[in-house]
Amino acid sequence: MTSSISFRERIALYALLTSLTSISIDALLPGLRQIGEDVVGGPPLSTQHIISLFIFGMAVGELLLGPLSDAMGRKKALVLGLGIYAVGTIIAMLAGSLEVVILGRILQGVGVSGPKIATRAMIRDQFEGDAMARVMSLMFTLFIMVPMLAPAMAQGVNYMAGWRAIFGIYLAMAMILGLWLVIRQPETLPVDKRISFRPKLLIRNGRRILAKRRVALLIVATGMVFGSQLLYLSTAADLFFDAYEIKETFPFYFAVLAAGIGLASFLNAKLVQRFGTDAMTRAAFMGLAIIGLLMLIASVLWRGHLPLVVLMVFTFSAFFTIGILFGNLNAMAMRSLGQVAGLGASLIASGSSPYCHPVRHRYREPL
């Protein structure tokens, strides 16, 4: 499909659209305690649910917006997701209670699944095999800049204008990206290849996808990787604030660790077409297992409280392997999906969510 949009512009657009997921989580981490102080919420809700129920909304949205992208086209499904995300953002921004903030966050999660799923399907429409893994790695290289910078940006905004201003930034991003998408990005799924949104057909196609043993195993593997990352994201602020008494400089440490994923994604884009996705993925999983074992041994030696420099070295190394895995696992799972890429991306993303997988975080009590 010919288009005036360049390859680099496409990668930048896809990266920023995908980054809505990350920034919607990471940018709020420094402000969770202030939200808890400003809005009153009773049990069983706590500020940790601002993160966990956002993920829940995303898992639900992935099951809906993926099949819709196969039926109505990638662009329309993506714009629909951005619209839902904007509504949720406005609700959370104007909320007077924690319950309403969380309602907005659930809608944000449902909406953000549109950009997350539709961009993967767009990439699958245009690229195959190792080339697709390279594109995803390039996208993640740009994408990782967001979690590197988001906490620092949000901490500054939170200090100057309060946590509600962060939601204002979310709203502006959604509007700008939606306009960019509508004006510049052509539809990648031709009308004659679209699949009607019919429950029986969706169930049949879903069974066909999950019947592929390789795809099912890749969903489990992706869930384990994503679950470990979510565990870190949900506890990072408390870990640095309470265990190491790091508060003002927390965004710096967060950015250093996120740089491990960015560096790995950049190198993977260079190496994947030489060594292949399978070899890169196997090496990354072996590396992650070794790092985890060494970290466990070190934790025993230091009686559960690692020195900060040791924690940073191990976590950076683990994130480096995760950076290799992100682009490759998604590309490997999407490889054989063809025109049901939207439904397949939904099953992969939702099925690998910690809400659908044993790798789950036990969220703490209110901060």
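Here, every reference points to the structure presented above.
Below is a summary of the structure that appears in this document. A quick note: this is a predicted structure, and the numbers were derived from the prediction, not measured. (Residues numbered from 1 in each chain as written. Predicted model: local features only at pLDDT ≥ 70, side-chain atom pairs only at ≥ 80, totals over all residues. Heavy atoms only, no water.)

1. Looking at the overall build of the chain
When you go through the chain residue by residue, the secondary structure sums to 14 helices and zero strands. The order of helices and strands in the chain, counted from the N terminus, is α-α-α-α-α-α-α-α-α-α-α-α-α-α. The buried share of the chain, taken over its 367 residues, is 56%. Put simply, the chain shows about 16,000 Å² of open surface, and 68% of that area lies on carbon and sulfur atoms. (Helix = DSSP H or I, 4+ residues; strand = E, 2+ residues; numbered from the N terminus. Buried < 20%, exposed > 50% of the residue type's maximum accessible area, 1.4 Å probe, protein only. Areas by Shrake-Rupley, 256 points an atom, 1.4 Å probe, with all protein chains shown as cover.)

2. Examining the layout of surface pockets
Here the largest pocket defines a volume of roughly 590 Å³. As for the largest pocket, its lining consists of 20 residues, and the residues nearest its centre are L231, Y232, M295, L311 and T315. For the lining of the largest pocket, the secondary-structure elements that each account for two or more residues are helix 10 (213-243), helix 12 (277-301) and helix 13 (308-334). Broken down by element, the residue count for the lining of the largest pocket peaks at six residues, all from helix 10. Of the residues belonging to the lining of the largest pocket, the class tally is 13 nonpolar, seven polar and no charged. (1 Å grid on protein atoms, 1.4 Å probe; cavity = no way out; pocket = protein on both sides within 12 Å on 5 of 7 lines; lining within 4 Å. Points joined across faces, edges and corners; volume = space filled by probe spheres on them. Nonpolar A, V, L, I, M, F, W, Y, C, P; charged D, E, K, R; others polar.)

3. Quick look at a nonpolar patch on the surface
Together, I290, L293, L294, L296, I297, V300, L301 and W302 line one region of the surface with nonpolar side chains, adding up to about 830 Å² of accessible area. Its location among the elements puts I297 in helix 12. (Patch = residues over 30% accessible without salt bridge, like charges linked within 9 Å, V, L, I, M, F, W, Y side chains within 5 Å. Salt bridge = Lys/Arg side-chain N within 4 Å of Asp/Glu carboxyl O.)

4. Some details on the packing of aromatic side chains
Aromatic ring pairs are described here by two measures, namely the spacing of the ring centres and the angle between the planes. Here the structure, examined in full by the defined rule, presents 10 aromatic pairs. Seen from their ring centres, F241 and F250 are 5.6 Å apart, and the 80 degrees between their planes marks the pair as edge-to-face. Considered together, F241 and F250 belong to a single accessibility category, that of buried residues. Every member of this aromatic cluster is reached through a ring pair, and the members are F240, F241, Y244, F250, F252, Y253 and F254. (Phe/Tyr/Trp six-rings, centres within 6.5 Å; stacked < 30°, edge-to-face > 60°.)

5. Quick notes on helix 11 (residues 250-275)
Taking 1.5 Å per residue as the helical rise, helix 11 with its 26 residues ought to reach 38 Å, and the 37 Å between its terminal C-alpha atoms agrees with that figure. Of all bends in helix 11, the biggest is about 40 degrees, found at A269. The positive-phi residue at the C-terminal boundary of helix 11 is G276, with phi of around 90 degrees. (Expected span 1.5 Å × (residues − 1). Bend = angle between axes of the 7 residues up to and from the residue.)

6. Here we look at a positive patch on the surface
Residues R198, R204, R208 and K212 make up a contiguous surface patch of positive charge. Looking at the element boundaries, R204 is found in helix 9 (residues 199-210). Classification of R204 by relative accessible area gives partly exposed; the value is 47%. (Lys, Arg positive; Asp, Glu negative; His and termini not counted. Charge placed at Lys NZ, Arg CZ, Asp CG, Glu CD.)

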